[in-house]
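Now for the letters of each chain:
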Amino acid sequence: MRRGSGIGLLLAAIVLLAFQLRSPLVALAPVAGEAQRDWAVSPAAFGLLTTVPLLCFGLATPIAPWLARRVGLEGAIEVCVGGIVVATVLRSIDGFGFALAAVVLLGLAITIGNVLVPTVIRRDVPARGRGAATSVYSVAINVGTMVTALITVPLAAAVGWRPAVAVWSIAGVLTAAVWLVVLRRGRTVDAPPAPTAASPRFRPDALVLLLAAAFAAQSSSYYGITTWLPTLLADERGYSATTAGSASSVFQLAGIAGAIGVPVLALRFRPRTVIALLGVLWMSLPVVLLVAPEHFLIGSITGGIAQGGGFTAIFTIISEVGGDARRTTALSAFVQSCGYLVAAAAPPVVGAVHQVVGGWFAPMLVVLGTTAGFLVFGVLAATLAARHPVRV
């Protein structure tokens, strides 16, 4: 466990890594039209560049624990960052087939980081600071997403879309350098005594299953809304694609407030109370879009707060109840594998319902169901977690 300046360096490394775990995916979206024309592919084929990484998040999680056992946590994160840098550059070189292969590598690399960050927080951050560290991680993801989306378009206008997408690999090089310092400092810290017996095999219990269900509901709600909110606003409010995209960015921006707010609320309220509040805020977004879409901005703010806060709340619980580093990694991998596999189905399911019924009422009922699932499973998981002995 690190102290003093070591914690500051670790948090800086986590912030830089969080930026890398989403910005390469977001960078292509603002220049999607140009990229699609250059590659001469259909919208459905182009959508694979987003769907494939999400499937990797669900299917490839066993790679992270395996790699961490072989090269250590920091070494595995260096592999993660290196893979992101290489994939970000390769994706922009030429040819759609090449880009598709690159996003497979990108998805695998990001999966490693997704799984291992909670383990690093559990191992190296004092118990009282884990919620705040998880909040910093979540905020950095949201800020990185927003900054990337804002800068890529003017950069593409100046230098072309390929360099504008590839340039984000520079941030990856900086991230790798900082993690090298973290790795070297970590080697100077006294290693914990070797266990006298092999760690017991990870077996999902009721708490683990509830956390997986809560994260699946959280992620399904997030990706269902993120994918279709601009289209809904264009259809229901008559906005242009540009205006609808800008308006829906409020949903992403509000996630920062949610990520910051969870540790603050946790100082005064029990985790289940915090998650209950987040669940109600989550449900308010589809309710507003169902009954009063003209007030979508209010729903985007409340739902955005919930999406940022929900992510932070779930991963704070994972860090708290994980146990040792190996079990925390296994817990994180299991929860994310289940969650992202379910979430990968959310955008096509919501889109298919919209195509069948020809409106947005039924699709928003689907999203209302997933947000209600977060409320129910999240509260049950937080209640059960409170009964577990504190593991240090």
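Above this text sits the structure in question.
Treat the numbers as computed from the prediction; the structure is a model and nothing was measured.

Chemist: Whenever I open this one, the environment of Tyr 340 confuses me. Can you help?
Modeler: Looking at the secondary structure, you find Tyr 340 in helix H15 (residues 325-357). The spatial distance from the C-alpha of Tyr 340 to the C-alpha of Tyr 239 is 31 Å, given a sequence separation of 101 residues. Ignoring any residue separated from it by four or fewer positions in sequence, one finds Tyr 340 in contact with Arg 22, Leu 54, Phe 57, Gly 58, Asn 114, Phe 215, Ser 219 and Tyr 223.

Chemist: Explanation requested: the pattern of salt bridges in the structure shown.
Modeler: Under the defined criterion, the tally for this structure stands at three salt bridges. Arg 123 is the salt-bridge partner of Asp 124, the closest N and O atoms lying 2.7 Å from each other. Note on Asp 124: relative accessible area 4%, which makes it buried. Note that Arg 130 and Glu 320 form a salt bridge whose closest N and O atoms lie 4.0 Å from each other. Of this pair, Arg 130 sits in helix H8 (residues 130-159) while Glu 320 sits in helix H14 (residues 296-321), placing them 190 residues apart in sequence. For Arg 130, a relative accessible area of 2% puts it in the buried group. Judged by its relative accessible area of 26%, Glu 320 is partly exposed. Salt bridges here are not isolated pairs; linked through shared partners, they connect Glu 74, Arg 123 and Asp 124.

Chemist: Sorry if this is basic, but what is going on with the packing of helix H11 (residues 206-237) against H14 here?
Modeler: Each packed pair of helices is defined by two parameters, the angle between the axes and the distance between the axes. Two numbers describe how H11 lies on H14: the axes approach to 11 Å, and their chain directions differ by 155°. Relative to H14, H11 is oriented roughly antiparallel. Crossing hand, H11 versus H14: left-handed. Of H14, the residues touching H11 (which contributes Leu 207, Leu 211, Ala 214, Phe 215, Gln 218, Tyr 222, Leu 229 and Leu 233) are Phe 296, Ser 300, Ala 306, Gln 307, Gly 310, Phe 311, Ile 314, Phe 315, Ile 317, Ile 318 and Val 321. Tallied by class, the residues present in the contact of H11 with H14 amount to 15 nonpolar, four polar and no charged.

Chemist: Explanation requested: the packing of H15 against helix H16 (residues 361-387) in the structure shown.
Modeler: Between H15 and H16, the shortest axis-to-axis distance is 8 Å and the interhelical angle comes to 150°. One way to sum up the angle between H15 and H16 is to call them roughly antiparallel. Considering how the two elements wind past one another, H15 and H16 form a crossing that is right-handed. Within the contact between the two elements, H15 uses Val 350, Val 353, His 354 and Val 357 and H16 uses Ala 362, Pro 363, Val 366 and Val 367. A breakdown of the residues in the contact of H15 with H16 according to their chemical character gives seven nonpolar, one polar and no charged.

Chemist: Before we go on, may I ask you to explain helix H5 (residues 63-71) in this structure?
Modeler: Structural remark: α-helix, 3.6 residues per turn; residues separated by three or four positions point the same way. Buried residues of H5: Ala 64, Pro 65, Leu 67 and Ala 68, and no others. Projection of H5 onto a plane perpendicular to its axis shows the buried side chains occupying an angular sector of 165°, all on one side. Residues of H5 that are buried in the fold lie against helix H6 (73-91), helix H7 (96-124) and H15. Among the residues trailing H5, Gly 72 stands out with phi positive, at a value near 85°.

Chemist: Sorry, what's going on with the side chain of Thr 316 here?
Modeler: The residue Thr 316 is located in helix H14 in this model. A distance of 2.7 Å separates a polar atom in the side chain of Thr 316 from the backbone oxygen of Thr 312. When neighbours within four sequence positions are excluded, Thr 316 is seen to be in contact with Gly 131 and Thr 134.

Chemist: Help me understand the packing of aromatic side chains in this model?
Modeler: The geometry of an aromatic ring pair is captured by two quantities: the separation of the ring centres and the angle between the planes. Enumeration according to the criterion identifies twelve aromatic pairs in this entry. Seen in terms of ring centroids, Tyr 222 and Phe 251 are 6.0 Å apart; in terms of plane orientation they differ by 25°. Their pairing is stacked. With Tyr 222 in helix H11 and Phe 251 in helix H12 (residues 241-266), the pair connects residues that are 29 residues apart, well separated along the chain. Summarising the burial analysis for this pair, Tyr 222 and Phe 251 share the class buried. Consider the rings of Phe 251 and Trp 282, whose centres lie 6.0 Å apart with planes at 50°: the pair is tilted. Highlighted residues: Phe 251 in helix H12 and Trp 282 in helix H13 (residues 271-291), separated in sequence by 31 residues. The pair Phe 251 / Trp 282 is uniform in exposure class, with both members buried. Grouped by ring-pair contacts, the aromatic residues Phe 57, Tyr 137, Phe 215, Phe 311, Phe 315 and Tyr 340 constitute a single cluster.

Chemist: Explain the nonpolar core here, please?
Modeler: Within the largest apolar cluster, 85 residues are counted, with the highest numbers of intra-cluster contacts made by Leu 116, Trp 179 and Leu 211. Looking at which element gives the most residues to this core, the answer is H11, with 13 residues. Sequence-distant contacts of Trp 179, that is, excluding residues within four places in its chain, are made with Leu 10, Ala 13, Ile 14, Leu 17, Glu 74, Ile 77, Glu 78 and Val 120. Listed in part, the 20 residues of the second largest apolar core include Leu 49, Ala 156, Val 165 and Trp 168.

Chemist: Is there a simple way to think about H6 in this case?
Modeler: With 19 residues, H6 should cover 27 Å at 1.5 Å per step; its first-to-last C-alpha distance of 27 Å lies within 8% of that length. Summarising burial for H6: 14 of the 19 residues are buried, a large majority.

Definitions and limits used
Residues numbered from 1 in each chain as written. Predicted model: local features only at pLDDT ≥ 70, side-chain atom pairs only at ≥ 80, totals over all residues. Heavy atoms only, no water. Helix = DSSP H or I, 4+ residues; strand = E, 2+ residues; numbered from the N terminus. Contact = heavy atoms within 4.5 Å. Salt bridge = Lys/Arg side-chain N within 4 Å of Asp/Glu carboxyl O. Buried < 20%, exposed > 50% of the residue type's maximum accessible area, 1.4 Å probe, protein only. Axes fitted to C-alpha atoms, helices over the stretch in contact; angles between N-to-C directions. Parallel < 35°, antiparallel > 145°, perpendicular 65-115°, else oblique. Left-handed = near helix turned anticlockwise from the far one by under 90°. Nonpolar A, V, L, I, M, F, W, Y, C, P; charged D, E, K, R; others polar. Arc of directions from axis to C-beta. Polar contact = N/O pair within 3.5 Å; in protein donor to acceptor, adjacent residues only side chain to side chain. Phe/Tyr/Trp six-rings, centres within 6.5 Å; stacked < 30°, edge-to-face > 60°. Core = buried A, V, L, I, M, F, W, Y, C linked by side-chain atoms within 4.5 Å. Expected span 1.5 Å × (residues − 1).

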